[in-house]
There are 2 protein chains.
Amino acid sequence: MKSKTLSNIAFRRHDHRRCQQFLLAEADQHCHSLNLRLTSRRRQVLEILLGSHQPMGAYDILAELNRVDRAERIAPPIVYRALDFLLQQGLIHRIESRNAFISCVQPGHQCAAQFLICRDCEQVAELETHEQELLAEADSLGFAVDHSIIEITGVCAQCQKDG
Amino acid sequence: MKSKTLSNIAFRRHDHRRCQQFLLAEADQHCHSLNLRLTSRRRQVLEILLGSHQPMGAYDILAELNRVDRAERIAPPIVYRALDFLLQQGLIHRIESRNAFISCVQPGHQCAAQFLICRDCEQVAELETHEQELLAEADSLGFAVDHSIIEITGVCAQCQKDG
DNA sequence: TTCATAATGTTATATTATAACGTAACCAAA
DNA sequence: TTTGGTTACGTTATAATATAACATTATGAA
Ligand SMILES: [Zn+2]
Ligand SMILES: [Zn+2]
Ligand SMILES: [Zn+2]
Ligand SMILES: [Zn+2]
């Protein structure tokens, strides 16, 4: 079960330096192969998110940008645009219930991203299981499920006819 | 399959007047049996949400309150507090990806609430199936799934030990 | 070069949510 | 029926998140 090896990475000890470099290289390759530009801004935002397996708010990222580059005064739209690009490419995910963003631990995965979010320590683990396996996996991690949200967005039958 | 009859109510024709009255009566009974107060403000907010099976933003609800009661000028905290109460009682749900609130079509249900959200017409259908049945049900509704989010909040093993 | 496009930068503002503190309603015990 | 504790409500101000609108710069092909 390949996914298992990556699934709980946020809760495991691992060589995060390597993890980071691997994911960054994957991102480079992904964009290159699709002839998309992982510009320095976009890469910079991705690197910030790859700094940990924790979610960050857009304004946290903004603050980090402004901390590093003392000269410039970056404004919100710059961050949101980079985040939009990275989201579209599946390189990061948005945690809806937290208004936060997190680097994907398995870019290119097909399943819907699934997260275990600790309301206490705020850690987030990305799982890569099928839905029916989810609760079992949460249980096997000793994670006490509190509240789960499933949101499926798409186009309803009516709109498919209309559109 | 009891849930099936209610699940896609937003996409079905039904006698919504009765639906509304039924759900309001359920809410009354729920609160009464738990010795909780479904005050007039809370009831008023619930009634507004029961006006349709569509999600509404907190500020939409606020506007509706201020439209009805021309005299007073209601402020956001009043709405958010009523929403918090209704959420806690499971009488409404929060659609995280929309920052919106929707009346629950089956208060007292045990499963996690699950939604189909149309990005086109913005309709939201609440399902009441097990996870593994979800995609099949979406498919049977002719709903083209686009993006699904599963967010499980709880307490991780570490925090359970610490706390 | 020249043009078209994509990406970035800038300013202002919209949208969503909460902090902090005061008042009123409710209810049980004295 | 007062008293005091609690819960809910009201009010003001502000925090946190996100986008609109428009100007500028970089990129790459014709
Ligand atoms: Zn790592
Ligand atoms: Zn992922
Ligand atoms: Zn109805
Ligand atoms: Zn529900």
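Residues numbered from 1 in each chain as written. Chains lettered and ligands numbered in written order. Predicted model: local features only at pLDDT ≥ 70, side-chain atom pairs only at ≥ 80, totals over all residues. Heavy atoms only, no water.

*Asks:* For this particular structure, what's the right way to read the overall build of chain A?
*Replies:* Tallying secondary structure elements over chain A gives seven helices and five strands in all. For chain A, the α and β elements follow one another from N to C terminus as α-α-α-α-α-β-β-β-β-α-β-α. Restricting to contacts in chain A with at least 6 residues of sequence separation, those with at least 24 account for 51%. Counting only carbon and sulfur atoms, one obtains 48% of the accessible surface of chain A, whose full area is about 8700 Å². (Helix = DSSP H or I, 4+ residues; strand = E, 2+ residues; numbered from the N terminus. Contact = heavy atoms within 4.5 Å. Areas by Shrake-Rupley, 256 points an atom, 1.4 Å probe, with all protein chains shown as cover.)

*Asks:* How should I be thinking about the protein's contact with DNA strand D in this particular structure?
*Replies:* Around DNA strand D lies a shell of 17 residues, among which Tyr 59 and Arg 94 of chain A together with Thr 39, Arg 41 and Arg 81 of chain B are the nearest. The protein-proximal atoms of DNA strand D, defined as those within 4 Å of the protein, are 47% sugar or phosphate. Tyr 80 of chain A has a polar side-chain atom sitting 2.9 Å from a phosphate oxygen of DNA strand D. Within the side chain of Arg 81 of chain A, an N or O atom sits 3.3 Å from a base nitrogen of DNA strand D. Contributing elements (two or more residues each) for the surface near DNA strand D: helix 5 (76-88) of chain A together with helix 3 (40-50) and helix 5 (76-88) of chain B. Per-element accounting of the surface near DNA strand D gives the leading share, four residues, to helix 5 of chain A. Considering only residue class, the surface near DNA strand D consists of seven nonpolar, two polar and eight charged. (Near = heavy atom within 4 Å. Polar contact = N/O pair within 3.5 Å; in protein donor to acceptor, adjacent residues only side chain to side chain. Nonpolar A, V, L, I, M, F, W, Y, C, P; charged D, E, K, R; others polar.)

*Asks:* Is there a simple way to explain the confidence of the model for chain A in this structure?
*Replies:* Detailed reading of the predicted coordinates is not advisable wherever pLDDT falls low. All names here are of chain A. Taken as a whole, chain A shows an average pLDDT of 84; of its residues, 87% reach a score of 70 or greater. When mean pLDDT is taken per element in chain A, helix 3 (residues 40-50) scores highest with 98 and helix 1 (residues 2-7) scores lowest with 38. Note that pLDDT drops below 50 for residues 1-7; the model gives that stretch 16 contacts with residues more than four away or on any other chain. (pLDDT = per-residue confidence, 0-100.)

*Asks:* Looking at this structure, how should I read the packing of helix 3 of chain A against helix 5 of chain A?
*Replies:* When two helices pack together, their arrangement is captured by the angle between the axes and the distance separating the axes. Residue and element names in this part refer to chain A. Where helix 3 meets helix 5, the axes come as close as 9 Å, and the angle between the chain directions of the two elements is 80°. Viewed along their axes, helix 3 and helix 5 adopt a mutual orientation that is roughly perpendicular. Seen from helix 3, the contacting residues are Arg 41, Arg 42, Val 45, Leu 46 and Leu 49; seen from helix 5, they are Ile 78, Ala 82, Leu 83, Phe 85 and Leu 86. Looking at side-chain class alone, the contact of helix 3 with helix 5 contains eight nonpolar, no polar and two charged residues. (Axes fitted to C-alpha atoms, helices over the stretch in contact; angles between N-to-C directions. Parallel < 35°, antiparallel > 145°, perpendicular 65-115°, else oblique.)

*Asks:* How do you make sense of the sheet that holds strand 5 (residues 144-155) of chain A when you look at a structure like this?
*Replies:* Sheet strands pair by backbone hydrogen bonding; their relative direction is either parallel or antiparallel. Spatial ordering of the open sheet is given by 4(A)-3(A)-5(B)-5(A)-3(B)-4(B), a layout of six strands whose pairing is mixed. Because the sheet does not close on itself, it has two edges, and the strands there are strand 4 (124-127) of chain A together with strand 4 (124-127) of chain B. Across the sheet, the axes of successive neighbouring strands diverge by a mean angle of 20°, strand direction being ignored. Bridge analysis of strand 3 (residues 114-118) of chain A against strand 5 (residues 144-155) of chain B gives five bridges, and the strand direction is parallel. By the bridge assignment, Cys 118 of chain A is partnered in strand 5 of chain B with Gly 154 of chain B. (Pairing = 2+ DSSP bridges.)

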